[in-house]
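# A closer look at the structure
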Amino acid sequence: MSAAPFRHRALAAALFATGLGQFQAACADHDEIVVWGDPLTPFAADPGLAPLAETNTALLLKRVAGANVNFNGTLAGIAQYRGMYAERVNVDLDGMNVGNACSNNMDAPLHYLPRTFVDRLEVIRGIAPVSSGLETIGGTVIARSREAEFGDAEAFGISGQVAAGGQSVDGGYSTSGEIDLANAHHRFRAAASREAGNNRDFGDGTIRPTRYERNAFDAGYAFQRGDDVFNLDYRRNDTGETGTPALPMDDIYSDADLVRGGWHGHRGAAELSAELYWNGVEHLMSNYRMRRATPGRRRDNLAEADTLGWRTQAALPVRGGTLRVGADGHLLDYDSLITDPDNAMFFARNFDDVQRDRYGLYAEWEHLALGRWSVEAGLRWTHVSMDAGQVDASMAMMMPPLALLRNTFNASDRSQHDDNVDAALVVGYALQEGLTVEAGVARKNRSPSHQERYLWLPLEATGGLADGNLYVGDVNLDPETAWQFELGLDWRRPGFAVSPRAFYHHVDDYIQGIPATNPAVIMVGTMNGDPTPLQYANVDARLWGVDVEWTADLAGPWEVGGILSWVRGERRDIDDNLFRIAPLNTRVDLTYALERWSVTLEGELYAPQNDVSATNSETKSAGYGLLNLYGQYAWPALGLTFTAGVENVLDKTYRPHLNGINRVAGSDVALGARIPGDGVNGFVQVGWRF
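Presented here is an overview of the structure given in this document. (Residues numbered from 1 in each chain as written. Predicted model: local features only at pLDDT ≥ 70, side-chain atom pairs only at ≥ 80, totals over all residues. Heavy atoms only, no water.)

## Section: the overall build of the protein
Tallying secondary structure elements over the protein gives four helices and 33 strands in all. For a compact globule of 690 residues, the expected C-alpha radius of gyration is about 26 Å, and the protein comes in at 25 Å, within 12% of that figure. For the protein, the share of sequence-separated contacts (at least 6 apart) that also reach a separation of at least 24 residues comes to 68%. In the form shown here, the protein has an accessible surface area of approximately 24,900 Å², with 59% of it arising from carbon and sulfur atoms. Charge separation in the protein, taken as the distance between the mean sites of 59 positive and 89 negative side-chain charges, equals 2 Å. (Helix = DSSP H or I, 4+ residues; strand = E, 2+ residues; numbered from the N terminus. Rg over C-alpha atoms; globule rule 2.2 N^0.38 Å. Contact = heavy atoms within 4.5 Å. Areas by Shrake-Rupley, 256 points an atom, 1.4 Å probe, with all protein chains shown as cover. Lys, Arg positive; Asp, Glu negative; His and termini not counted. Charge placed at Lys NZ, Arg CZ, Asp CG, Glu CD.)

Printed below as a string of structure tokens:
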């Protein structure tokens, strides 16, 4: 008896029908657990056209066991997995680590993947392989855009799709179109999308500002000859005025160019690949263009980020398994300048000529057919080199404490270098047919972000923490080191499948804000409205929990399935909890699916979160339950699919714990209150594939 593959990936895509047949087939035949249903049409396996209303691609992660989203605005979603979030979670977008320009993650990586462009969204479950990214302490999310497929003949064929949809919660709409031209050797693709909406409604009023606008354009070409495939792809993203009420500023624009090219081929028994990419982002934030600001306190913040990245890999057959060896890198340059539209002399250079460069080497061996055993073992070395230029602020001339902070920072040794070694071992054993146990252990590292090291004056530039506190960085921070342990089962029977996992992460040098003790920091913080600012520091922490995926066939065309997630995060050095940890939650879908149509009734349940961070002044949150209804009807002969649904059918007012705190006066949400979730939301979508 051979062990089934155990390195599962949970797909967030179209969980409107859990599909036991594909769930079990995936466990048996390859390394992905597919959680969508038996395809009604090609659209059924297409998350861009699945019957879900989310505009924000990141929100699809809430449909994966262990995953969730820190929500700061309509298009500002930060991936969370098993209690770790932001830079701790490696997001692989079409093979790229996008260097976002916002110091508060308004443009987190999944911001640059419109929902209508999504081909699949995956979370590597549990311990992420060392080959999956340079820094994977919080796991790996893999997002892939649709691409054209090569044809079977020399003659070119044309295909494509058009989609449009709308929703009631914000009067929003989305439109998209794609056209592909391909033969056996060439493929061309062009696609465009537009999304826009007004302020979002909730049970007791309107959340301001949450209006949004985003346009995107894709173009790609690939050439195939024999085993060699060359590709070149380009994406342009233009995000217009988009509200982020949990943050001190709104997104006025995020203009990004993403370019990538690559080669994949075989030489003998070796599978080879090489990829190169570049991203350039210009991002303007403002605290007065979409909300009211106190006279004399109006601010703009212009930020720019440029990223150059690469990855080369060889996969070789070794001792009955596959050995992957590779080299990768990611070079980030970042600048940020705060100005006052009413005072041309005012400026604050909060980040200047920041560099965060990473270089990696890895080796990984995987064997999925060692009798009852399966093994994946990997080792990675990553060198992180960081530096920053000198900073300044116009107010330093009149504020001695600010001048002291500036001078201290400029005199410090800002050039920092870390050498991080990651190792991972995951072993599976088939106890019997359809029942596999999996155990894993890993050592993972993450070097500080540029905010954590180089934020020299108290600001809320915190990577999207959105806790309302002012922070300063520490140039001398150490990298985080996590020892990760995991134990789980995959149990499959005719008509039933369940996959529970338990995990424990022991984190040394966890980076967390603690009360600042520097008198100059406290004085500047007090002048800016926060007499108790925080400073990033290394502390000790632990996270542990359980997550479960399950699905079952009922009578006839009925299916039921769902997920359950629970994680606990604590400081080990003091008696406190970690900030912004998702509470116990579950999601259950009941689906009735026939050949051309399906209907799903979905329930979401979230427990109260009482284990909150006193250090971050985090407030507790109440539990809630939601009821959603989706449906889809397809005309395969015409290539048409119609979807519709109602989210939050009972129009319940609720406040997800991972939503940020409102910072905007004039909204129907009180200042300092947690931003509520959407009210009742009816939506429709129509798609045509040709």
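## What to know about the side chain of T210
Residue position: T210 is located in the loop between strand 12 (205-207) and strand 13 (212-225). Residue T210 is classed as buried on the basis of its relative accessible area of 3%. If we skip the residues at most four places from it in the chain, T210 touches T74, N198, N199, R200, G243 and P245. (Buried < 20%, exposed > 50% of the residue type's maximum accessible area, 1.4 Å probe, protein only.)

## Side note on helix 4 (residues 519-527)
All buried positions along helix 4 are accounted for by A520, V521, V524 and G525. Seen end-on, helix 4 carries its buried residues on one side only, within an arc spanning 130 degrees. On the buried face of helix 4, the contacting elements are helix 2 (400-411) and strand 24 (471-472). Regarding helix 4, its N-cap is N518, as a side-chain oxygen of that residue lies 2.9 Å from the backbone nitrogen of A520 further along. (Arc of directions from axis to C-beta. Polar contact = N/O pair within 3.5 Å; in protein donor to acceptor, adjacent residues only side chain to side chain.)

## Details of the sheet that holds strand 3 (residues 76-81)
The strand order across the open sheet formed by three strands is 2-3-4, and the pairing between neighbours is antiparallel. Whereas interior strands pair on both sides, the edge strands pair on one side only; in this sheet they are strand 2 (67-73) and strand 4 (84-85). Bridge count between strand 2 and strand 3: six bridges; the pairing is antiparallel. For N70, the partnering residue across the bridge sits in strand 3 and is I78. (Pairing = 2+ DSSP bridges.)

## Quick look at helix 2
Look at helix 2: 16 Å from first C-alpha to last across 12 residues, which is about the 16 Å you get at 1.5 Å a residue. For helix 2, the full list of buried residues reads P401, L402, A403, L405, R406, F409 and N410. Buried residues along helix 2 sit against strand 21 (392-393), helix 3 (450-454) and helix 4. (Expected span 1.5 Å × (residues − 1).)

## Regarding the pattern of salt bridges
For the structure shown, the criterion picks out 50 salt bridges. Note that R208 and D668 form a salt bridge whose closest N and O atoms lie 3.6 Å from each other. On the criterion of sequence distance, the pair formed by R208 in the loop between strand 12 and strand 13 and D668 in the loop between strand 32 (640-647) and strand 33 (681-689) is long-range, its members being 460 residues apart. Residue R208 is classed as partly exposed on the basis of its relative accessible area of 32%. Residue class for D668 comes out partly exposed when judged on its relative accessible area of 40%. In this structure, E480 engages R446 in a salt bridge whose closest nitrogen and oxygen atoms are separated by 3.0 Å. Of the two residues, E480 is situated in strand 25 (residues 480-493) and R446 in strand 23 (residues 435-446); the sequence distance between them amounts to 34 residues. Considered together, E480 and R446 belong to a single accessibility category, that of buried residues. A network of salt bridges, in which partner residues are shared, links R82, R125, E438, E486, D490, R501, D547 and E549. (Salt bridge = Lys/Arg side-chain N within 4 Å of Asp/Glu carboxyl O.)

## Some remarks on the environment of H283
Looking at where H283 falls in the secondary structure, it is placed in strand 16 (residues 270-286). Contact partners of H283, with chain neighbours within four places excluded, come to A101, C102, M106, D251, Y253, S254, N301, L302 and A303. In this structure the side chain of H283 is engaged in a polar contact, spanning 3.5 Å, whose partner is the side chain of D251. At 3.2 Å, the side chain of H283 forms a polar contact with the backbone oxygen of Y253.

## A few points about unusual backbone geometry
Residue R208 is joined to P209 through a cis peptide bond whose omega torsion reads -15 degrees. Among the secondary structure elements, P209 is positioned in the loop between strand 12 and strand 13. A positive phi angle is found at R319, which is not glycine, with a value near 50 degrees. Topologically, R319 is positioned in the loop between strand 17 (300-318) and strand 18 (321-340). Looking at R319, the relative accessible area reads 76%, which means it is exposed.

## Regarding the packing of helix 2 against helix 4
Two numbers describe how helix 2 lies on helix 4: the axes approach to 9 Å, and their chain directions differ by 130 degrees. In terms of their interaxial angle, helix 2 and helix 4 are classed as oblique. The handedness of the crossing between helix 2 and helix 4 is left-handed. Facing P401, L402, L404 and L405 of helix 2, the residues of helix 4 in contact are A520, V521, M523, V524 and M527. Of the residues belonging to the contact of helix 2 with helix 4, the class tally is nine nonpolar, no polar and no charged. (Axes fitted to C-alpha atoms, helices over the stretch in contact; angles between N-to-C directions. Parallel < 35°, antiparallel > 145°, perpendicular 65-115°, else oblique. Left-handed = near helix turned anticlockwise from the far one by under 90°. Nonpolar A, V, L, I, M, F, W, Y, C, P; charged D, E, K, R; others polar.)

## Some details on the side chain of D547
By the element assignment, D547 lies in strand 27 (residues 534-553). By relative accessible area, D547 is classed as buried at 1%. Of the polar contacts made by the side chain of D547, one reaches the side chain of R82; its length is 2.9 Å. Beyond its immediate chain neighbours, meaning those up to four positions away, D547 contacts A65, G66, R82, R125, S499, P500, R501, F503, L564 and S565.

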